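# Commentary on secondary and tertiary structure
Read off the chains here:
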Amino acid sequence: MKDRRTLGAAGAALAAALMLSTSPAAADKTPAGKTALLPQAAAKPWMNKTLSAAGRTALLLKEMTQDEMFTLVSGDPGFAFLGASVPKEAIGSAGYVSGIPRLGVPALQETDASLGIANPMKVRPNDFATPLPSGLATAASFNPEAAHDGGAMIGQEAWRQGFNVLLAGGVNLARDPRNGRNFEYLGEDPLLGGTLAGAAIAGIQEQNVISTVKHFAINDQETKRFWANSVIDEAAMRESDLLAFQIAIEKGRPGSVMCSYNLINGVYGCSNNHLLNEVLKGDWKWPGFVMSDWGAVHDSSYANAGLDQQSAAAFDKKPYFREPLRADLAKRSFTAERLKDMAGRILYAMFDAGVLDNPPVRSQIDFKAHADVARRIAEQGIVLLKNDVGALPLAASAKKIAVIGGYAADGVISGGGSSQVLPEGRYLDVALGGGGFMPRSMILHPSSPLDAIKKLAAGAEVRFDDGRHTGSAQKLAAWADVVIVFGVQWMTEGADAPDLSLPDRQDVLIDAVAAANHKTIVVLETGGPVLMPWLGKTAAVLEAWYPGARGGEAIANVLFGKVNPSGRLPITFPKSIDQNPRPVIPGSDQPEPGMPLGADAPTVKPIDVVYSEGADVGYRLFGKKKMVPLFPFGYGLSYSTFDYKNLKVCGGKTLMINFDVTNTSAVAGADVPQVYLTGTPDKAVQRLIGFNRIELKPGETKEVTVTADPRLLADYDVASHGWRVKAGQFKIVVAHAATATTLEGAAAVEGSFIRP
Ligand code: BGC
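Treat the numbers as computed from the prediction; the structure is a model and nothing was measured.

How each quantity is defined
Residues numbered from 1 in each chain as written. Predicted model: local features only at pLDDT ≥ 70, side-chain atom pairs only at ≥ 80, totals over all residues. Heavy atoms only, no water. Helix = DSSP H or I, 4+ residues; strand = E, 2+ residues; numbered from the N terminus. Buried < 20%, exposed > 50% of the residue type's maximum accessible area, 1.4 Å probe, protein only. Contact = heavy atoms within 4.5 Å. Areas by Shrake-Rupley, 256 points an atom, 1.4 Å probe, with all protein chains shown as cover. Lys, Arg positive; Asp, Glu negative; His and termini not counted. Charge placed at Lys NZ, Arg CZ, Asp CG, Glu CD. Pairing = 2+ DSSP bridges. Axes fitted to C-alpha atoms, helices over the stretch in contact; angles between N-to-C directions. Near = heavy atom within 4 Å. Polar contact = N/O pair within 3.5 Å; in protein donor to acceptor, adjacent residues only side chain to side chain. Nonpolar A, V, L, I, M, F, W, Y, C, P; charged D, E, K, R; others polar. Disulfide = S-S within 2.5 Å. Domains from an automatic or database assignment. Buried area = accessible area lost by both parts, 1.4 Å probe. Salt bridge = Lys/Arg side-chain N within 4 Å of Asp/Glu carboxyl O. pLDDT = per-residue confidence, 0-100. Parallel < 35°, antiparallel > 145°, perpendicular 65-115°, else oblique. Left-handed = near helix turned anticlockwise from the far one by under 90°. Core = buried A, V, L, I, M, F, W, Y, C linked by side-chain atoms within 4.5 Å.

## Some remarks on the overall build of the protein
For the protein, the count of helices and strands is 19 helices and 32 strands. The principal-axis extent of the C-alpha atoms belonging to the protein is close to 75 × 60 × 60 Å. Going through the 756 residues of the protein one by one, you find that 63% of them count as buried. Sequence-distant contacts, at least 24 apart, represent 75% of the contacts inside the protein between residues at least 6 apart. Put simply, the protein shows about 26200 Å² of open surface, and 55% of that area lies on carbon and sulfur atoms. In the protein, which carries 74 positive and 77 negative side-chain charges, the distance between the mean positions of the two groups comes to 3 Å.

This is the structure in structure tokens:
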């Protein structure tokens, strides 16, 4: 039985909701200390819950035939895709892997879930789910507990809809602010991203559902995603993207890892012996199974390179892990031991997550409690970027409020692609046209900022203009005491943004509105960083990302001061795309050859994406090149003010940093002090080595302690195959953001070598 206690302090209401009689915990209680033998245990000794997941796997494998092992290592789409036949037991989702009823092994019902239980093709017309705020919003909370609660919530919804595998846990680093999937990921820093992904994965798996961390690895742009060859050196890769995965895997212990479409240093992600066999399973000793991304397998030999399961075989040219792999076995180019290892890893993940012990039960979802989880994350993730004196929170003296643009009357926008969640209630689907595999339509989650603003603006008159015509918007702005104008940027899987401008002339609209009324507050709902040519003319700016199920309420709560903003940027906002190492997206000047489906992928010449910045992603490169961003990583304002004092830095085996944070204002609020490493014994660096989100009452002081993960002090030494910490002085700063240092210190650390 899995321990389902950990919903976090903020999740008390959710915890109560989860304890309904149909919960997995209630479904299968075993008195503590008693041998947990189910009735069939004598015949199926692997159902003895007192044994370890590895022990149970070994017992089950003994009974399993080779045919049954082959069943486990390949899957089908869970919905009718380009005429593919769908197994009748599939409940309708991204993927389905048959079970083995003879041995009591259930089928794997897999659904996308980066931001909630997805239903992108509306395959299950009556299933709705709670949309979480985007990954960047969760990352902006700098709060592992919030990420955990979000994971627990979606894990619970999956379980109640009959799913036992979530394709959730995206932790690719944001190397390009235009990446179409940044909104699914957790920003540009490996410590922040890995910590939050790990917390979300743990939350999911506590609900007896397998979580999948993806897309392994360096799948950092969508342009030509099936043909992009990520070129990066080994040490840089270990210190950046791989470190994010490593931390996420250590903290969350996901049952599954999804290998990516792209090539890494010339080898496809799902056939990458180095990444899969040597790093993931070798160095990291991870015991779970590698599943392929949909359409990422081009040969049966991928099994030898470390791929354990071919997902949704109809997406590939052939069901390589069926007849072709059997033929390899007959030819001895593939071994029975490896087949057993593949099946064993899948079974291990199932036992470890509790999939066999507590199978899903279709049951009612408490959407109200779950929407509250989404709202709390959105409130912690909204970032106040600018606030002229007195602009926010909105004062009661604002009697005439103009709300303009951004679909604010209808809801909040969400990102597109396989992660698309269909929310409960009336939602708006704005068809954007265009073809391709992914539906190009923007779903508005039914939480209208306009309605929420009206509710909180007691005694004020609130008028709305949709922003289509600049003239009418300007007139409304001139009438108002204060203007709230929305700027939206829809992003989707499968395409990168062409530039960093708000689309559809919204910059012109905002500029015109701000010219008509200097008390203009801009609320952004974007998939990532955008440029703000109108910044100097506005009074305040909020970055609300894609704020999810209760996004409208969360935005209004921050505008009116019911919630004190505490979000911090998990990604640098550049001043211009010329600050990016690749101002032109590699491959964007060539036609898209289409999905590899039915094509012979390796015959298409890959496009090199050279990650010349190496491990210096985002703020690290800005620091190194002394470039000034529009807004730095870690930045965010509050209605309170905070002060840092009494820094102590202790050395030894690693660094331990200790300081006091005081709320120096009359308003309660949360702060996110950050500790950056700025110098090792032989060079200047900039690396986030710790952060902490703390709530402080007016005048209150709390002590913060950060212990650095020694890998963040080290350099990856390829020749000796491990992390090397050089002996000597290490310098750190305590800061409000990557560029806002308040305290400086240093201490001596002993030299050490850490296995990878
Ligand atoms: C995406 C994955 C997703 C899979 C199944 C792929 O196109 O890259 O993130 O899990 O589809 O829907």
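So that's the structure; there's more coming.
## Concerning the sheet that holds strand β22 (residues 656-663)
Here we have 3 strands laid out as an open sheet, ordered β21-β22-β27, and antiparallel in their pairing. If you trace the sheet from one side to the other, it starts and ends with β21 (642-650) and β27 (701-707), each paired once. Adjacent strand axes in the sheet meet at a mean angle of 20°, parallel and antiparallel pairs treated alike. Where β21 meets β22, 7 bridges bridge the pair, whose relative direction is antiparallel. Along β22, the bridge assignment pairs lysine 648 with asparagine 658.

## A short note on the site of the ligand
The full set close to the ligand counts 13 residues, and Asp112, Arg181, His215, Tyr261 and Asp293 are the nearest of them. Note that an oxygen atom of the ligand is positioned 2.8 Å from one of the side-chain N or O atoms of arginine 181. With respect to the ligand, the side chain of arginine 225 contributes an N or O atom lying 3.3 Å from an oxygen atom. Notes on the ligand: free accessible area 310 Å², of which the protein chains cover 95%. Among the residues forming the shell around the ligand, the class breakdown is 5 nonpolar, 2 polar and 6 charged.

## A short note on the state of the cysteines
A full pass over the atoms with the stated rule returns 1 disulfide. A sulfur-sulfur separation of 2.1 Å characterises the disulfide bridge that pairs cysteine 259 with cysteine 270. Between cysteine 259 and cysteine 270, the disulfide has an S-S torsion of 105° and is therefore right-handed. Here the residue cysteine 259 occupies a position in strand β7 (residues 256-259), and cysteine 270 occupies one in the loop between β9 (267-268) and α10 (273-283), the gap between them amounting to 11 residues. Look at cysteine 270 and you get buried, because its relative accessible area is 0%.

## What to know about the sheet that holds strand β13 (residues 412-413)
On the basis of which strands lie adjacent, the open sheet formed by 3 strands has the order β13-β15-β14 and antiparallel pairing. Every other strand in the sheet has two partners, leaving β13 and β14 (428-431) as the edge strands with one partner each. Across 4 bridges, the pairing between β14 and strand β15 (residues 441-445) is antiparallel. Pairing of aspartate 429 across the sheet is with isoleucine 443, part of β15.

## Here's the deal with the domain arrangement of the protein
Each assigned domain of the protein is listed here: domain 1 (65-353), domain 2 (383-559) and domain 3 (642-754). Computed over C-alpha atoms, the centres of domain 1 and domain 3 are 33 Å apart. Tallying the contact residues gives 18 residues for domain 1 and 14 residues for domain 3. Contact between domain 1 and domain 3 buries roughly 1400 Å² in total, counting both sides, with carbon and sulfur atoms accounting for 67%. Sorting the residues of domain 1 by area buried against domain 3 places Phe142, Leu191 and Glu239 first, and these three jointly supply 39% of that buried surface. Our enumeration of links across domain 1 and domain 3 arrives at 1 salt bridge. At the boundary of domain 1 and domain 3, one finds 4 residue pairs in polar contact (both at pLDDT 80 or more). Its residues assigned to classes, the side of domain 1 that touches domain 3 comprises 8 nonpolar, 4 polar and 6 charged.

## Remarks on the confidence of the model for the protein
Mean pLDDT over the protein works out to 92, with 92% of the residues at or above the 70 mark. Overall, residues 1-39 carries pLDDT values under 50, and its contacts beyond four positions in sequence, including any with other chains, amount to 81 contacts.

## Some thoughts on the packing of helix α6 (residues 144-160) against helix α13 (residues 367-381)
Across the interface, α6 lies against α13 with an axial gap of 10 Å and an inter-helix angle of 155°. Our classification of the angle between α6 and α13 gives roughly antiparallel. Where α6 crosses over α13, the two elements pack in a sense that is left-handed. Within the contact between the two elements, α6 uses Ala146, Asp149, Gly150, Met153, Gln156 and Glu157 and α13 uses Phe367, His370, Val373, Ile377 and Gln380. In terms of residue class, the contact of α6 with α13 is built from 5 nonpolar, 4 polar and 2 charged.

## So, the nonpolar core
With 134 residues, the main nonpolar core has Met64, Phe216, Leu655 and Ile657 as its most contacted residues. Per-element accounting of this core gives the leading share, 10 residues, to helix α12 (residues 336-353). Taken domain by domain, the makeup of this core includes at least three residues from each of domain 1 (65-353) and domain 3 (642-754). Not counting residues within four places of it along the chain, the set of residues in contact with phenylalanine 216 comprises Leu242, Phe245, Val257, Met258, Cys259, Ser260, Gly269, Leu275, Leu276, Leu280 and Trp284.

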